2 protein chains.
Amino acid sequence: MTYKRVDFDGGQSMRGTELSVEELEAQGHEVQVSYLYAMQWKSQVDRADFPHLPPDTRLKVAYASAEATASNRLTDDVKREQEKLLWADTVIFQFPMWWMGRPAILKGWFDRVYSLGFAYGLGEYNDSRWGDRYVEGKIQGKKAFLVVTAGSWREHFSARGISGPIDDLLFPINHGLLDYTGFEVLPQFMAYQLDRADDLVFRSVVDELRQRLRTISTTRPIGYRRQNGGDYEIPTLTLKPELGAASGSGFSLHSVE
Amino acid sequence: MTYKRVDFDGGQSMRGTELSVEELEAQGHEVQVSYLYAMQWKSQVDRADFPHLPPDTRLKVAYASAEATASNRLTDDVKREQEKLLWADTVIFQFPMWWMGRPAILKGWFDRVYSLGFAYGLGEYNDSRWGDRYVEGKIQGKKAFLVVTAGSWREHFSARGISGPIDDLLFPINHGLLDYTGFEVLPQFMAYQLDRADDLVFRSVVDELRQRLRTISTTRPIGYRRQNGGDYEIPTLTLKPELGAASGSGFSLHSVE
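Below, the structure is looked at part by part. A quick note: this is a predicted structure, and the numbers were derived from the prediction, not measured.

## Points about the overall build of chain A
Looking only at helices and strands, one finds seven helices and six strands in chain A. In chain A, the succession of α and β elements from N to C terminus is β-α-β-α-α-β-α-β-α-β-β-α-α. The C-alpha radius of gyration computed for chain A amounts to 19 Å, which stays within 12% of the reference 18 Å derived for 257 residues, consistent with globular compactness. Seen through its principal axes, chain A has C-alpha atoms that stretch 55 × 50 × 35 Å. Split into buried and exposed, the 257 residues of chain A put 56% on the buried side. Accessible area of chain A: about 10,900 Å², with a carbon and sulfur share of 49%. Each charge class in chain A was averaged separately, 30 positive and 35 negative side chains, and the resulting centres sit 2 Å apart.

Spelled out as structure tokens, the structure:
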């Protein structure tokens, strides 16, 4: 099995990444790492992403992205990341939670690497299916999960915590980005207040993470519903009225136990 | 009354921004605009944000941010944006929804402008209050709201839509960033599938937006709960057990009708 990590690193989480790489290699996996900061990853989508675009043409990101993907004219940095995604069996996204989400540089990784024709706009759109997405997609057969550090307390992200439940905060990534492109999504690994942890706590989190990395193949994925599997009206993509009664409301409607 | 807009612009939404500026100025408001792309806004937080940091010191973003804020050594671009925030009575954040969230450049605006000592880490932390945040904060007395364009269908973002309810998707911004720093948050203005709209639809959206800009002072803010007002346990910041029965679960617990 091969692994790849897409990692946030501001000099902060490198230690965590090194630990994961060491653990995965000790298990005999091959690992590729993308340290976004060390790579000087370009965060924002802009005109420089589409050098083939004539200077007097208005930039329409989706169209430019589709054209560049289809004609193999994406920039080299984006192509390399797409190749890594296709190469890996499992992708781990490790980042610190900043302002309830990913650091901009990692959001920009998705904005740029998830090009039209690679990550979306695939398959047929008709009365019975709405593209190859949500469970289906180019990344099918691969696993992914998030490893997230947060400065706040675990309780703030609990069911009744003021930040909102962590599963809901990460739903747009787990479901809207990873499940969307076909990954089997494993539950996130969370580490809270690590910057204030003493050695004992830190070592126990390290042990938990190692344990998690040893059990990837047996960890149960989040049971997201198949978009084209009959659960949704097409094309409104609303969950059929008879479904989801046991799941509450909102984001939780879109997975089953 | 004065207004400021923080605007995403990849050459795409400039038209929408110009429209808003024109409408607000016609009402006699003073407007400042931050076109992030045109300004070549730096998206990611990195070492260059803290030139005072000795080269051999490890970058710890929160500490470096606190130090730079307290000693007035934030970079000029960040200082200018903070000044605009303090100057404005109302701030409008306009952006296209990319992959369930803001474009990286706008996420990076928050990562950089929301410095420690400016946007967080304010006030006392003790048994009865947990900092000046959530309804309280430096930005108190100002209003803010999001103007968001989305390529997908309105139904996909409805209560049972596959993307999740739009109110939940925007909660981390509305609550975790805007309410957090003290803004009164007005409900977002959404425009769906504008890139496929014909002239008639486009004009009706323009009219709705103009109407919205004319009624800022009378639009009812989202009723987020006060963190330090007695509704939450401190310091776990979990909603007290007797509250929220009428609100469902998750994000919706944190506002009242």
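## Some words on the interface of chain B and chain A
Of the residues lining the interface, 63 residues belong to chain B; the matching set on chain A comes to 63 residues. Counting each side, the surface lost to burial between chain B and chain A is near 5,000 Å², with a carbon and sulfur contribution of 62%. When the area that chain B buries against chain A is broken down by residue, the three leading residues are B:Trp99, B:Arg160 and B:Ile162, summing to 21%. Summed over the shared surface of chain B and chain A, the result is zero salt bridges.

## Digging into the environment of A:Thr75
All names here are of chain A. Among the secondary structure elements, Thr75 is positioned in the loop between helix H2 (61-70) and helix H3 (76-87). Its relative accessible area of 17% is what places Thr75 among the buried residues. Between the alpha carbons of Thr75 and Leu209 there is a distance of 34 Å; along the sequence they are 134 residues apart. Once you skip the residues sitting within four places of it in the chain, Thr75 turns out to touch Ala48, Asp49, Pro51 and Arg112. At a separation of 2.6 Å, a polar atom in the side chain of Thr75 contacts the side chain of Asp77.

## Thoughts on the packing of helix H3 (residues 76-87) of chain B against helix H4 (residues 104-113) of chain B
Residues and elements named next belong to chain B. At a minimum axis separation of 10 Å, H3 and H4 run at an interaxial angle of 90°. With respect to each other, H3 and H4 are oriented roughly perpendicular. Between H3 and H4, the contacting residues are Asp77, Val78, Glu81, Gln82 and Leu85 on the first element and Trp109, Arg112 and Val113 on the second. Within the contact of H3 with H4, the residues separate by chemical class into four nonpolar, one polar and three charged.

## Focus on the packing of aromatic side chains
By the definition in use, this model includes 27 aromatic pairs over all chains. On the basis of an interplanar angle of 85° and a centroid distance of 5.3 Å, the ring pair of A:Tyr120 and B:Trp99 is categorised as edge-to-face. Separated into two different chains, A:Tyr120 in the loop between helix H4 (104-113) and strand E4 (143-150) and B:Trp99 in the loop between strand E3 (90-96) and H4 make up a pair that spans both. Look at A:Tyr120 and you get partly exposed, because its relative accessible area is 24%. Among the residues examined, B:Trp99 registers a relative accessible area of 15% and is labelled buried. Look at B:Phe110 and B:Tyr114: their rings are 5.1 Å apart centre to centre, the planes differ by 90°, and that puts the pair in the edge-to-face class. A relative accessible area of 1% places B:Phe110 in the buried class.

## Brief notes about empty space enclosed by the protein
Counted by the stated rule, this structure contains one cavity of 30 Å³ or more. If you trace the largest cavity, you find 21 residues lining it, with A:Met100, A:Gly101, A:Arg102, B:Met100 and B:Arg102 closest to the centre.

## What about the relation of the copies chain B and chain A?
Turning chain B through 180° and shifting it by 0.0 Å along the axis lays it on chain A, with an RMSD of 0.0 Å. Considering both components of the superposition, the chain copies are consistent with a two-fold axis. Proximity to the rotation axis, assessed at the C-alpha, singles out B:Ala104 in chain B; its C-alpha lies 2.4 Å from the axis. Interface residue correspondence from chain B to chain A reaches 100%, placing this contact among same-surface, isologous pairings.

So, how was this worked out
Residues numbered from 1 in each chain as written. Chains lettered and ligands numbered in written order. Predicted model: local features only at pLDDT ≥ 70, side-chain atom pairs only at ≥ 80, totals over all residues. Heavy atoms only, no water. Helix = DSSP H or I, 4+ residues; strand = E, 2+ residues; numbered from the N terminus. Rg over C-alpha atoms; globule rule 2.2 N^0.38 Å. Buried < 20%, exposed > 50% of the residue type's maximum accessible area, 1.4 Å probe, protein only. Areas by Shrake-Rupley, 256 points an atom, 1.4 Å probe, with all protein chains shown as cover. Lys, Arg positive; Asp, Glu negative; His and termini not counted. Charge placed at Lys NZ, Arg CZ, Asp CG, Glu CD. Contact = heavy atoms within 4.5 Å. Buried area = accessible area lost by both parts, 1.4 Å probe. Salt bridge = Lys/Arg side-chain N within 4 Å of Asp/Glu carboxyl O. Polar contact = N/O pair within 3.5 Å; in protein donor to acceptor, adjacent residues only side chain to side chain. Axes fitted to C-alpha atoms, helices over the stretch in contact; angles between N-to-C directions. Parallel < 35°, antiparallel > 145°, perpendicular 65-115°, else oblique. Nonpolar A, V, L, I, M, F, W, Y, C, P; charged D, E, K, R; others polar. Phe/Tyr/Trp six-rings, centres within 6.5 Å; stacked < 30°, edge-to-face > 60°. 1 Å grid on protein atoms, 1.4 Å probe; cavity = no way out; pocket = protein on both sides within 12 Å on 5 of 7 lines; lining within 4 Å. Points joined across faces, edges and corners; volume = space filled by probe spheres on them. Least-squares fit on C-alpha atoms with pLDDT ≥ 70 in both.

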